[in-house]
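# Structure assessment
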Amino acid sequence: MAMTRFERLLGLLLRAAVRVFLAVFELFAPQRGSAEQPRLPPISSPLLRVPAIHLARQIRRKEVTSVEVVQAYIDRIQEVNPLINALVKDRFAAALQEAAQVDKLIEEETGGEDVLEDRLPLLGVPVTVKEAFALQGMPNSTGLLSRRTVISGVDAPSVALLKRAGAIPLGVTNCSELCMWLESHNHLYGITRNPYNLGRIAGGSSGGEGSIIGSGASVVGVGSDIGGSIRIPCFFNGIFGHKPTSGIVNNAGQHPPPSGQQPGFLCTGPMCRYAEDLMPMLRIMAGPAAEKLSLSAEVDLRNLRFFSVPHDGGSPLLSPVDPQLIQAQKKVVERLEADLGIKVKEVRIPQLKYSFQIWGAMMSSPGKDGKSPTTFAELMGGGKRVWPAWELFKCMLGVSPHTVAAIGLYLCSSQPSQFILQQKESLQRELEELLGTDGVLLYPSHPQLAPKHHQPIFTPFNFSYTGIFNILGLPVTQCPLGLSVEGLPLGLQLVAGKLQDRLPLATALYLEKAFGGWRDPANITTLTTQSLQLNVSFTH
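Residue numbers run consecutively from 1 along every chain, following the written order of its sequence. Side-chain atom pairs in this predicted model are given and counted only at pLDDT of 80 or more, local residue features only at pLDDT of at least 70, and totals for whole chains, interfaces and linings cover all residues. Computation of side-chain values covers all heavy atoms of the structure but excludes hydrogens and water.

The name given to the protein chain in an unreviewed UniProt entry is Amidase domain-containing protein, and the organism recorded there is Pygocentrus nattereri.

Structure representation (structure tokens):
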């Protein structure tokens, strides 16, 4: 389905308008030159460069204590958080006490290391949690001023499962207001910054998690995703993330709670600096439902079918894909074909052009009970009605408790049309038939590299590259692919059929070895976008 002449003209006009607005914004917005942007200090402790599952093993074997690991991460957070503003509330004293209890437990354990590994696979390992999740004793405001006094009395189920596996939470991290924007900014905690360039956004809504992990101040964390809120921050901060098949991980214990058809689109999942931590984190967070995913089954990448879609087909609402991202995806295709001896098929899926319209229509659709979802205005008001036009006027005067992005999201809500619903059903069928039980699709995570602060206001629909897969319920793994010429992370999405989460997870392990995975932001001036020439094992 090629673009019509009208769509091409509309796209040109919209992009020209965006360039004008950005030019005006750049002219009047306070800016600091890139040369003035401070860099993060280098990572000094070797413990901060060890994957979570290896840290757990070292702790069990008494090669290092949990107190030493937790203290190393606390020191790193205190070092970088004044720059990135990612962690918004800590529990350092409690974490150190829990780490000491872990070390005592290991000293007294008589059943051996295997018993501990089976019962407590993350024993003594520090984690961070998105502030939108309930973590006992921690705030749960979701950046909303009216919820500033809300303190969680219990843990969200996914958080409770991680704690039951021995993980030690260090605190909660920033998010966008009500978790519905791709920049983690609110009037309660302020703005979170990208560790690779403090003048760039960390993404949202799990941007605090992305930034704290990407800066080397956390190794694994908990995020949520209803339109890309795990994958976009992972992309912008150069780390790994996984949006599971819908319904696999319990979404309870989050604010705001989903309504209408949204419970089928919201996903809770892991965000990790190292690919090998994704599967164990998912296994723990999914609980008994993990059995549906056959995560222990061996995956031979040479037996999979790979497909590549370079862009959405040219929606006039979205920015064109950055050439560096297109080139990075081509390098992945070339590497797969050279190493695995397979042929990656490039495909065009015309319905993807309507990704934003599909996402917006389904997000506003009534649930099975016939009830419409809670409006964004109601959520913003905390039970009281908020008038977006009035809030927008107050925002211009600097007296609104809400961000411009949150107000704008309400104004952009849409109702489903029959044509869009037909496109959604057609896309669902086509992708499910294409991927089957042995297919992996390569697709851009976002058309742009991490934008400068506040600039996504001028390109609000670009999240559609991730949001469409929430509507389809498919599992997606976000994978970093080195750095751009500006020193910003590159990456792509790996998409599979429902319940086939192990396929993109295995592919991410391969790509980490092939392209180097996470890069230390403190060393970006010495890095290149070239992939590393490493020997890679194809069976995981």
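Moving on: the packing of aromatic side chains. Stacked, edge-to-face and tilted labels apply to pairs of Phe, Tyr and Trp rings (six-membered ring for Trp) whose centres lie within 6.5 Å, assigned for plane angles under 30 degrees, over 60, and everything in between, in that order. If you walk through the whole model with that rule in mind, you get eight aromatic pairs. Positioned over the ring face of W518 is R273, at 4.9 Å from the centre of the ring. A positively charged side chain is recorded as over a ring if its NZ (Lys) or CZ (Arg) lies within 6 Å of the ring centre. The angle to the ring normal must also be within 35 degrees.

A separate point is the packing of helix α11 (residues 355-363) against helix α16 (residues 464-472). Helix-helix packing: each pair is described by the crossing angle between the helix axes and the interaxial distance. Here the axes come from fitting lines to C-alpha atoms, over the contacting stretch only for helices, and the angles between their N-to-C directions go from 0 to 180 degrees. The secondary structure listing takes helices from DSSP runs of H or I that are at least 4 residues long and strands from runs of E that are at least 2 residues long, numbered from the N terminus. In contact at an axis separation of 9 Å, α11 and α16 are set at 45° when each is read in the N-to-C sense. Overall, the two elements α11 and α16 adopt an arrangement that is oblique. Considering only the axes of α11 and α16, their crossing is left-handed. Residues S355, F356, I358, W359 and M362 of α11 lie in contact with α16, whose contacting residues are S464, G467, I468 and I471. With respect to orientation, any angle under 35 degrees is reported as roughly parallel, any angle over 145 as roughly antiparallel, any angle of 65 to 115 as roughly perpendicular, and every other angle as oblique. Two helices crossing with the near one rotated counterclockwise from the far one by less than a right angle form a left-handed crossing, whereas a clockwise rotation gives a right-handed crossing. Should any heavy atoms of two residues lie within 4.5 Å, those residues are considered in contact.

To continue, consider the nonpolar core. Counting residues in each nonpolar core, the largest one holds 147 residues, and the members touching the most others are L336, L431 and F469. Residues contacting L431, with those up to four places away along its chain left out, are I349, L441, F469, L472 and L474. We define the nonpolar core as a collection of buried residues of types Ala, Val, Leu, Ile, Met, Phe, Trp, Tyr and Cys that are connected through side-chain atoms lying within 4.5 Å of one another. Burial here depends on accessible area, computed with a 1.4 Å probe over protein chains only, as a share of the maximum for the residue type. Under 20% is buried, over 50% is exposed, and the range in between is partly exposed. Counting residues in each nonpolar core, the second largest holds five residues, with L144, L178, L379 and M380 among its members.

We now examine the state of the cysteines. Put simply, a disulfide is two cysteine sulfurs that come within 2.5 Å. According to the stated counting rule, one finds zero disulfides in the structure shown. Of all cysteine sulfurs, the one in C272 lies closest to C234, which takes part in no disulfide; the gap is 7.9 Å.

Cis geometry marks the peptide bond from G204 to S205, where omega comes out at 10°. By secondary structure assignment, the location of S205 is in the loop between β7 (197-201) and α7 (207-214). The omega torsion across H255 and P256 is 0°, close enough to zero to call that bond cis. You can see P256 is positioned in the loop between β9 (240-243) and β10 (267-272). The backbone of L178 sits at a positive phi, close to 60°, despite the residue not being glycine. Summarising the element assignment, L178 is placed in the loop between β3 (168-173) and β4 (185-186).

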